[in-house]
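# Residue-level structure breakdown
Residue strings, one per chain:
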Amino acid sequence: MSISIIAASLFVCTFVSADPIRFDGHKVLQILPHNVEQLEQVLQLHDLLDLDIWRLPRKNNISMDVYVEPEKLDHVLTEIKAIGADVKIWIDDLQKLIDEEKQPAKRSFHLPIPLHGKNAVFDHLSYHRFATIKQYLADVVTATQSMSTVNASLSTIGYSSEANEIQVLKVSRGDGQSRPSIFIDGGIHAREWISPATVLYFINQMVYGDEFDYAPQLLDKFDWYFAPVLNPDGYEYSHTTYRLWRKNRVPNGRNCYGTDLNRNFGYQWNPNVGGSTNVCSDVYSGTNAFSEKESTAVQTFLLNNNQNMVAYLTYHSYGQMWLYPWGYTSALPDDWQDLDAAAKIGTSALSELYGTQYTVGSSTNVLYSAAGGSDDWAKGGAGVKYSYTIELRDTGAHGFVLPQNQIEPNCRESWRGLAAFAMSLNARKG
Ligand code: 0X9
Ligand code: ZN
């Protein structure tokens, strides 16, 4: 089996339940294949046993994170040892992490938290439900109405399959001048909760100002579009029912739900490259490119607004990577050196606060090949030059279940990285 189709069979069952599914005793293993043969064998095993690979670096001799239910554990461990790969239990009890994730984080002096609406506080230190996020966005719009140097306006660019709004907040100087623009989205994958939290933090800094005073410069140079939750149905489902849900929630028949929106964008769309034609798979690519309402909403919006769009950044987790196209092939875009240099400016600024290290490179070469990603389409389909997928914290200690006390440092460093990146684009454009 080739590396390009390894992610093709990450199966997840669908649960219908009043209480969230529990993950007591569920493990994440770290498996280290020593050569290509061992890697291939591990991947065959993953196919056979329907394992969920959380992180899959492209090369052997770099470990992979694999989620295993308790019933399968003994069998998986025996098989991996027979293959000769190293294996260790990396996360011992997933439920414990899920419980710890909820621990409230301490408020930090770095973040002035404005009051909203009827004096309600939207803190940027917790993971919020979709309804609360919508209220926050509406409150930001109201707040900027009495500000003279910044304007925020909200549009609904489409509706999800369960009829939730997909919203974009435009933040600009509001002086009637139009500037080059940058589009930032989050929440394509439901379980990556740090992603919407990061985009919301960016909005907050841009509108209310930030400790480094980047916001005025960033608003002088660009108009900003923020779409914090592109997959609202999946996001809610990951809160109410199944913490590790990835896809949207479209019904597919066979009691299986969801398309992986990041396999559904229409540039070199191909379910055989890192996606799947199996409707139950966690990386199901959809019936065809742009079969999903959520991806179509982004397509329509970007095609209508791409005239002067300089950058597209889509925030995901986890792995600490700043990735550029292509995801569908190991070949690189002609201008990859421009993308590489700008990403390195971002990651080096990001690391200055806490020393957090990010890997920069093309997504196929750093991670794995997967066609149908929004980043590939933004560049190849909408012609946005600086197109990236940013994989936020961490490198696997908590994976998708990043504790709330890491939200703030993650967002602070990411804001610094974003600002340095964006300012460098402007400098280079002269
Ligand atoms: O597999 C993905 O969709 C992304 N990783 S994640 O763990 N957040 O699911 C990486 C996408 C990289 N870009 C493309 N393959 N086009
Ligand atoms: Zn993702």
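Given the structure is predicted, the values throughout are model-derived calculations rather than measurements. Along each chain, numbering runs from 1 in the same order as the chain's sequence is written. Written order determines the labels here, with chains lettered from A and ligands numbered from 1. Only residues with pLDDT of 70 or above have their local features reported here, since the model is predicted, and side-chain atom pairs are shown and tallied only from 80 upward, although totals for entire chains, interfaces and linings are computed over all residues. Remark: hydrogens and water are excluded; side-chain values derive from all non-hydrogen atoms of the structure.

## Some words on the sheet that holds strand S2 (residues 52-55)
Taking strand neighbours across the sheet as the criterion, the 4 strands line up as S2-S3-S1-S4 in an open arrangement whose pairing is antiparallel. Unpaired on one side and paired on the other, S2 and strand S4 (86-91) mark the two borders of the sheet. The mean angle between the axes of side-by-side strands here comes to 35°, regardless of whether they run parallel or antiparallel. Here 5 bridges tie strand S1 (residues 27-32) to S4, and the two strands are oriented antiparallel to one another. In the sheet register, Ile31 faces S4, and the bridge partner there is Val87. Contact between two residues is taken to exist if any of their heavy atoms lie within 4.5 Å; hydrogens are not considered. Axes here refer to lines fitted to C-alpha atoms; in helices the fit is confined to the stretch in contact. Angles between the N-to-C directions go from 0 to 180 degrees. Secondary structure elements are taken from DSSP: a helix is a run of H or I of four residues or more, a strand is a run of E of two residues or more, and numbering for both begins at the N terminus. Across the sheet, helix H2 (residues 70-83) is in contact with S1, strand S3 (64-68) and S4; its angle to S1 comes to roughly 10°. Pairing between strands requires that DSSP locate at least two bridges from one strand to the other.

## Things to note about the domain arrangement of the protein
Reports often express the size of an interface as the amount of accessible area lost when the parts come together. Domain delimitation in this document rests on an assignment produced automatically or drawn from a domain database. Annotation of the protein at the domain level lists domain 1 (10-101) and domain 2 (115-429). The straight-line distance from the C-alpha centre of domain 1 to that of domain 2 is 27 Å. Of the residues lining the interface, 27 residues belong to domain 1; the matching set on domain 2 comes to 36 residues. Note: buried area is the sum, over both parts, of the accessible area (probe 1.4 Å) each one loses when the two are combined. Taken together, both faces of the contact between domain 1 and domain 2 bury some 2600 Å²; the carbon and sulfur share is 57%. Whenever a carboxyl oxygen of Asp or Glu lies within 4 Å of a side-chain nitrogen of Lys or Arg, that contact is scored as a salt bridge. Taken together, the connections running from domain 1 to domain 2 amount to 2 salt bridges. As a salt-bridge pair, Glu101 and Arg243 come within 2.8 Å of each other at their nearest N and O atoms. At 4 residues, the largest contribution of residues to the side of domain 1 that touches domain 2 is made by helix H3 (residues 94-101). Here the side of domain 1 that touches domain 2 is built from residues that sort into 18 nonpolar, 2 polar and 7 charged. Charged residues are taken to be Asp, Glu, Lys and Arg, nonpolar residues to be Ala, Val, Leu, Ile, Met, Phe, Trp, Tyr, Cys and Pro, and polar residues to be all remaining types, Gly included.

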